[in-house]
Amino acid sequence: MSGVRLARPVDAQAIAAVEVETWRTTYAGILPDEVLVGLSVDGRTRHWRTELERAPKGIWVWRDNSGAISGFGQCGRQRDLSLPFQGEISMLYVQTDAQDNGIGRQLLLALLATLLASDCRTILTWVLRSNPSRYFYDHMGARALLERQIPVAGHLIDAVGYGWDDPSLVLDRWVRSGHHWAP
Ligand SMILES: CC(C)(COP(=O)(O)OP(=O)(O)OC[C@H]1O[C@@H](n2cnc3c(N)ncnc32)[C@H](O)[C@@H]1OP(=O)(O)O)[C@@H](O)C(=O)NCCC(=O)NCCS
């Protein structure tokens, strides 16, 4: 059955494959070509295996009916302690041919619920300014609150910080309207 579940170390390669594919489609023309060409599923698999062994509780995947992974997200405590947000969503990617089927929302709800369960009551995510996917976060109840350049693969890129002041309201709203997530 399809749905969200916590990621396991065995998912590292599938997560890396989704990440490399979505970076190349999403960030073409936004990030330098050499960054996108240089991405390697093997390299990213090593990164995700380490992450999954270190802090598996913040990483969720979407498993489709065949058992394949077509999306993932990652969250944790805010790394930049100068920001007035307790939690952070650092990654959310849905395979290009699986987008617009509600998977991103399910993953986001799982991430928000994970952070709330860890007492993170305010949450921020950075999205590159030129990435049209940022309007997804407006739709999901976040507000564009901050602007800065963030380092991405060794380059400083304009980004917008989307924040949720009260993520529990967002969870309630979507769960009440039938967009519940399973775990
Ligand atoms: C952004 C992303 C995660 C959204 O996931 P998705 O599975 O395509 O989105 P969903 O189908 O769950 O969309 C949920 C709702 O948001 C809306 N939505 C999705 N993308 C949107 C966008 N770019 N702008 C405005 N609304 C959007 C959908 O229409 C849907 O609306 P509904 O409530 O009327 O049904 C996905 O498109 C993606 O991975 N994009 C490329 C990578 C990326 O930019 N990631 C985010 C940066 S970290």
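Right above here is the structure, for reference.
Visitor: Any chance you could break down the site of the ligand for me, citing the residues and the numbers?
Guide: The environment of the ligand is formed by 19 residues, the closest being Gly102, Gly104, Arg105, Asn131 and His139. The contact in question runs from a nitrogen atom of the ligand to an N or O atom on the backbone of Leu92, over 2.8 Å. A distance of 3.5 Å separates a nitrogen atom of the ligand from a polar atom in the backbone of Phe136. For the ligand, the protein covers 77% of the area, taking 920 Å² as the surface of the free molecule. Of all the secondary-structure elements, those providing two or more residues to the shell around the ligand are strand S4 (87-94), helix H4 (103-117) and helix H5 (134-139). The dominant element in the shell around the ligand, judged by the number of residues it contributes, is H5, at 4 residues. Class assignment for the residues of the shell around the ligand results in 9 nonpolar, 8 polar and 2 charged.

Visitor: Describe the environment of His155, naming the residues involved and giving the relevant values.
Guide: Along the polypeptide, His155 turns up in strand S7 (residues 155-164). Looking at His155, the relative accessible area reads 28%, which means it is partly exposed.

Visitor: How would you explain the side chain of Thr122 if you had to name every residue and give the values?
Guide: Checked against the element boundaries, Thr122 lands in the loop between H4 and strand S5 (123-128). For Thr122, a relative accessible area of 19% gives the class buried. Not counting residues within four places of it along the chain, the set of residues in contact with Thr122 comprises Pro84, Phe85, Gln86, Gly87, Trp164 and Asp165.

Visitor: Could you give an account of the nonpolar core, naming the residues involved and the relevant values?
Guide: If you look at the biggest cluster of nonpolar residues, it comprises 30 residues, and the most contacted ones within it are Ile89, Leu107, Leu108, Leu112, Tyr137 and Trp164. Counting residues per element, the ones that place at least two in this core are strand S2 (59-63), S4, H4, S5, S7 and helix H6 (167-176). A total of 10 residues in this core trace back to one element, the largest contributor, which is H4. With near-sequence residues (within four places) excluded, Leu107 lies in contact with Val4, Trp60, Val61, Trp62, Gly71, Phe72, Gly73, Leu92 and Val94. The next biggest cluster of nonpolar side chains, apart from the first, holds 26 residues, and it includes Ala16, Trp48, Ile59 and Val152.

Visitor: I'd like a description of helix H3 (residues 41-54), backed by residues and values.
Guide: Between its terminal C-alpha atoms H3 stretches 20 Å, which fits the 20 Å expected from 14 residues at 1.5 Å a residue. Among all positions of H3, only Thr45, Trp48, Glu51 and Leu52 are buried. Here the buried residues of H3 occupy an arc of 130 degrees about the axis, which is enough to place them on one side. Looking at H3, the residues exposed on the side facing more than 90 degrees away from the buried face are Asp42, Arg46, Glu53 and Arg54. Buried residues along H3 sit against helix H1 (12-26), S2, strand S3 (69-77) and S4.

Visitor: Tell me what's going on with the packing of H1 against H3, and back it up with residues and numbers.
Guide: One way to put it is that H1 packs onto H3 with a least axis distance of 8 Å and a crossing angle of 125 degrees. Between H1 and H3, the angle falls in the class oblique. At the point where H1 passes H3, the crossing takes the right-handed sense. Contact residues: H1 offers Ala12, Gln13, Ile15, Ala16, Ala17, Glu19 and Val20, while H3 offers Val41, Arg44, Thr45, Trp48, Arg49 and Leu52. Broken down by class, the residue content of the contact of H1 with H3 amounts to 8 nonpolar, 2 polar and 3 charged.

Visitor: With reference to specific residues and values, describe the sheet that holds S4.
Guide: For sheets, the rule is that strands pair by backbone hydrogen bonds, running either parallel or antiparallel. Strand order across the open sheet formed by 7 strands is S1-S2-S3-S4-S5-S7-S6, with mixed pairing between neighbours. The two strands at the open ends of the sheet, each matched to only one other strand, are strand S1 (3-6) and strand S6 (143-152). The sheet shows a mean angle of 30 degrees between the axes of neighbouring strands, direction not considered. Each of S2, S3, S4 and S6 touches H1; the most contacted strand, S3, lies at about 95 degrees to it.

Parameters at a glance
- Residues numbered from 1 in each chain as written.
- Predicted model: local features only at pLDDT ≥ 70, side-chain atom pairs only at ≥ 80, totals over all residues.
- Heavy atoms only, no water.
- Near = heavy atom within 4 Å.
- Polar contact = N/O pair within 3.5 Å; in protein donor to acceptor, adjacent residues only side chain to side chain.
- Areas by Shrake-Rupley, 256 points an atom, 1.4 Å probe, with all protein chains shown as cover.
- Helix = DSSP H or I, 4+ residues; strand = E, 2+ residues; numbered from the N terminus.
- Nonpolar A, V, L, I, M, F, W, Y, C, P; charged D, E, K, R; others polar.
- Buried < 20%, exposed > 50% of the residue type's maximum accessible area, 1.4 Å probe, protein only.
- Contact = heavy atoms within 4.5 Å.
- Core = buried A, V, L, I, M, F, W, Y, C linked by side-chain atoms within 4.5 Å.
- Expected span 1.5 Å × (residues − 1).
- Arc of directions from axis to C-beta.
- Axes fitted to C-alpha atoms, helices over the stretch in contact; angles between N-to-C directions.
- Parallel < 35°, antiparallel > 145°, perpendicular 65-115°, else oblique.
- Left-handed = near helix turned anticlockwise from the far one by under 90°.
- Pairing = 2+ DSSP bridges.

Worth remembering: the numbers are spatial, not functional.
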